[in-house]
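Per-entry structural report
Now for the letters of each chain:
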Amino acid sequence: MGFDVVLYNRDGCRLKTIFEVSEELHSEIFHSKKTWRSYLELRKLSDYYLTDENFSGERLSNLISDLINYKVFIPVFYLAEYEAFIDVISKSEISEIHIGGD
């Protein structure tokens, strides 16, 4: 079971679409490289079992920037899922996301 990413629109309404970040991708981001610690918003997602974070406004923008900048550390095998995550949370209609772990 991966992270569930719940999306909210600009009116604060929860969208029916829920995105899942797989456990394998999470492991690849946080266990194979140590550089994630320098990404302030990304590192808040490091604990798979305790993550329960809301991102909106500047925090959401910073998370997206962290993910884009960290992309160079993601192996090709995981890039499609990683980029899909960035694309989903970057859509203009998204104003807030909630990320919950297991």
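Notes on the structure in this doc start here. For clarity, every value in this text was computed on a predicted model and none was experimentally measured. (Residues numbered from 1 in each chain as written. Predicted model: local features only at pLDDT ≥ 70, side-chain atom pairs only at ≥ 80, totals over all residues. Heavy atoms only, no water.)

In terms of strand pairing, strand S1 (residues 3–9) meets strand S2 (residues 14–21) through 5 bridges, oriented antiparallel. Following the sheet pairing, Tyr8 is matched in S2 by Arg14. Hairpin connection from S1 to S2: 4 residues lie between these consecutive antiparallel strands, with Gly12 at a positive phi of about 80 degrees. (Pairing = 2+ DSSP bridges. Helix = DSSP H or I, 4+ residues; strand = E, 2+ residues; numbered from the N terminus.)

The tally for this structure, following the rule as stated, stands at 4 salt bridges. One salt bridge in this structure joins Glu41 and Lys44, with 3.1 Å as the shortest N-O distance. Judged by relative accessible area, Lys44 falls into the partly exposed class, the value being 35%. Between Glu83 and Lys71 there is a salt bridge, with its nearest N and O atoms 2.7 Å apart. Remark: Lys71 occurs in the loop between helix H2 (57–70) and helix H3 (76–90) and Glu83 occurs in helix H3; sequence separation between them is 12 residues. Because the salt bridges share partners, they merge into one network encompassing Glu41, Lys44, Glu53 and Arg59. (Salt bridge = Lys/Arg side-chain N within 4 Å of Asp/Glu carboxyl O. Buried < 20%, exposed > 50% of the residue type's maximum accessible area, 1.4 Å probe, protein only.)

Attention now moves to the sheet that holds strand S3 (residues 52–56). Sheet architecture is open: 4 strands sit in the order S2-S1-S4-S3, paired in antiparallel fashion. For this open sheet the edge positions go to S2 and S3, each flanked by a neighbour on one side alone. Between one strand axis and the next, the sheet turns by 20 degrees as a mean value, whatever way the strands run. Relative to strand S4 (residues 94–100), S1 is paired through 6 bridges, and the arrangement is antiparallel. The partner of Val5 across the bridge, within S4, is Ile99. (Axes fitted to C-alpha atoms, helices over the stretch in contact; angles between N-to-C directions.)

Our focus in this paragraph is H2. Every α-helical turn comprises 3.6 residues, leaving residues that sit three or four positions apart pointing alike. For H2, spanning 14 residues, the distance from its first C-alpha to its last is 20 Å, which sits close to the expected 20 Å at 1.5 Å a residue. Listed in full, the buried residues belonging to H2 are Leu60, Leu63, Ile64, Asp66, Leu67 and Tyr70. Axial view of H2: buried residues confined to an arc of 160 degrees, hence all on one face. Where H2 is buried, its residues contact helix H1 (23–31), S3, H3 and S4. (Expected span 1.5 Å × (residues − 1). Arc of directions from axis to C-beta. Contact = heavy atoms within 4.5 Å.)

With that out of the way, let us pick up the environment of Val88. Within the secondary structure, Val88 sits in helix H3. Along the backbone, Val88 and Ser27 are 61 residues apart, and their C-alpha atoms lie at a distance of 20 Å. Ignoring sequence-local partners within four residues, the contact set of Val88 consists of Leu7, Phe19 and Ile94.

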